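Structural overview
These are the residues of each chain, in order.
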Amino acid sequence: MRFIKFFFIVLGFSFLQSCSNPSLYQSKHYVFGTIVDISIYGEDEKKAEKVTKAVLEEFTRLHNSLHAWEKSDLTDLNESISKNKPYKNASSELIEIIKNARELERASNHLFNPAIGELINYWGFHQNEFNSMHPNQLKIKNLVARGPSLDQLHISGSTIKSTNPHVKIDLGGYAKGYALDQASKIIHEHHIKNALINIGGNIMAIGKHGNKPWRVGIQDPRGAQAIAKVDLLDGWAIGTSGDYQRYFINDGKRYCHLIHPFTGYPVQGVYSATVLIEPSQNAGTLSDVLSKPLFISKKEDRKDIAKKLRIYHYLIIEDKHISMTKAMADKIQFLNPNTQKNNQIEITL
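Here's what I pulled together on the structure shown here. (Residues numbered from 1 in each chain as written. Predicted model: local features only at pLDDT ≥ 70, side-chain atom pairs only at ≥ 80, totals over all residues. Heavy atoms only, no water.)

Details of the packing of aromatic side chains
- Considering all chains together, one arrives at eight aromatic pairs under this definition.
- Judged by centre distance (5.4 Å) and plane angle (25°), the ring pair of W123 and Y255 falls under stacked. Here W123, found in the loop between α4 (117-122) and α5 (137-145), pairs with Y255, found in strand β11 (residues 253-256); they are 132 residues apart in sequence, far enough to count as distant. The pair W123 / Y255 is uniform in exposure class, with both members buried.
- An angle of 25° between the planes, with centres 6.2 Å apart, marks the rings of Y174 and Y178 as stacked. Y178 matches Y174 in its accessibility class, with the two residues each being buried.
- Of the aromatic side chains, those joined through ring pairs into one cluster are Y122, W123, F125, F248, Y255 and Y265.
- When the ring centre of Y247 is taken as reference, the NZ or CZ atom of R254 above it lies at 4.3 Å. (Phe/Tyr/Trp six-rings, centres within 6.5 Å; stacked < 30°, edge-to-face > 60°. Helix = DSSP H or I, 4+ residues; strand = E, 2+ residues; numbered from the N terminus. Buried < 20%, exposed > 50% of the residue type's maximum accessible area, 1.4 Å probe, protein only. Lys NZ or Arg CZ within 6 Å of the ring centre and 35° of its normal.)

Structure representation (structure tokens):
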């Protein structure tokens, strides 16, 4: 059995500007199981350190509260659900997160489904290190047949209960984006005008990098460098779902952590899906969540899903095929001229 541990390459959205500028304060840390990079431009170093500390404390709090398999508020909730018991005294924050995630699940036609933790765990992705495994078709069929959904949660005051004991919530496709929104609030509260927050490739820009927009790179899903660059304007966020982040290979086939809720199997054939989100109160959350339904959906359904979810900027990379909206094509620049020569480029509406 072949063991593969994939460490997310922070260059997934690498900084393309020079970091030698003395006005740029940059700090790297490890939270949410990935690299967190906070850059602050044009501020006193002590103030930048203070704000960075506040942001990291918030990230640590969220990590400890929303972790999917290490003990947390979320695992306590999942344990209560599995025992058909009501979970009492849930925090107002956890309730609001679940309500919002439920709305996004419905809007995505249930392609984004944080309730399929049992499936994710079965495939071995509820651990930091994972082994290749031979899927059992009957087991997967049974897990899918249980039909977990956040729609099966009932919230009354601070109590949460479920009609389906097989709901196991995993916010791995939500929490990093939510953390970006929280970081943005903290940074604005401290009157920081220019910053870039990168949580393992989910990025939000605040202000500028000097007299230019923050510039980030879009990861080549089959290479170590960026495949394209994009200027990230004030308040915009960007996020990618990829099959190169957490995966194992069995019998020459790649199995990634992005699982189709209706089939129970990891999605294959799609390398990455990137979304660019315009400024809003939850731009960070949307940058994390909305790449998932695009990654998971059938090719012929993408336009309809994108329209329904109001995704105006997306880029999807497959083998020898790249599709993107015209709005996205107007914003990105491929770094290697051969990219367009070697791939079929499809521009959608």
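So that's the structure; there's more coming.
What about the nonpolar core?
- In terms of nonpolar packing, the biggest core is built from 69 residues, with F59, L77, I169, Y174, I197 and L294 touching the most fellow members.
- With near-sequence residues (within four places) excluded, L294 lies in contact with A273, V275, R302, I305, A306, I311, Y314 and I316.
- A228, L315, I317 and I322 belong to the second-largest nonpolar core, a separate cluster that totals 23 residues. (Core = buried A, V, L, I, M, F, W, Y, C linked by side-chain atoms within 4.5 Å. Contact = heavy atoms within 4.5 Å.)

Let's talk about the sheet that holds strand β8 (residues 226-232)
- What the three strands build is an open sheet, ordered β7-β8-β15; its pairing is antiparallel. The sheet terminates laterally at β7 (214-219) and β15 (332-334), the two strands that pair on one side only. Going from strand to strand, the sheet's axes swing by 25° on average, the running direction of each strand aside.
- The pairing of β7 with β8 spans six bridges and is antiparallel. Within the sheet, the bridge partner assigned to G217 lies in β8 and is K229. (Pairing = 2+ DSSP bridges. Axes fitted to C-alpha atoms, helices over the stretch in contact; angles between N-to-C directions.)

Topic: the pattern of salt bridges
- On inspection of all chains with the given rule, the structure shows 14 salt bridges.
- Between D151 and R106 there is a salt bridge, with its nearest N and O atoms 2.5 Å apart. Of the two residues, D151 sits in the loop between α5 and β3 (153-156) while R106 sits in helix α3 (residues 92-107), which places them 45 residues apart along the sequence. (Salt bridge = Lys/Arg side-chain N within 4 Å of Asp/Glu carboxyl O.)

Side note on the environment of S82
- Assignment of secondary structure puts S82 in helix α2 (residues 73-82).
- On the basis of relative accessibility, which here comes to 45%, the residue S82 falls in the partly exposed class.
- Remark: the alpha-carbon pair of S82 and Q26, spanning 56 residues in sequence, is separated by 43 Å.
- For S82, the side chain forms a polar contact with the main-chain oxygen of E79, separated by 2.7 Å. (Polar contact = N/O pair within 3.5 Å; in protein donor to acceptor, adjacent residues only side chain to side chain.)

Points about unusual backbone geometry
- Even without being a glycine, H110 presents a positive backbone phi close to 70°.
- In this fold, H110 is placed in the loop between α3 and α4.
- The phi dihedral of H191 falls on the positive side, at around 60°, and the residue is not glycine.
- Turning to its location among the elements, H191 is positioned in the loop between α6 (175-189) and β5 (195-199).

Topic: α5
- The distance from a side-chain oxygen at the start of α5 to the backbone nitrogen of L138 is 3.0 Å, and the residue carrying that oxygen is N136.
- Among the residues trailing α5, G147 stands out with phi positive, at a value near 55°.

Here's the deal with the packing of helix α1 (residues 45-66) against α6
- As a packed pair, α1 and α6 sit with axes 10 Å apart at the nearest point and diverge in direction by 150°. Classed by the angle they form, the pair α1 and α6 counts as roughly antiparallel. Here the hand of the crossing between α1 and α6 comes out right-handed. Here V51, A54, V55, E58, F59, L62 and L66 of α1 come into contact with α6, specifically with A175, Y178, A179, Q182, A183, I186 and I187.
- Grouping the constituent residues of the contact of α1 with α6 by class yields twelve nonpolar, one polar and one charged. (Parallel < 35°, antiparallel > 145°, perpendicular 65-115°, else oblique. Left-handed = near helix turned anticlockwise from the far one by under 90°. Nonpolar A, V, L, I, M, F, W, Y, C, P; charged D, E, K, R; others polar.)

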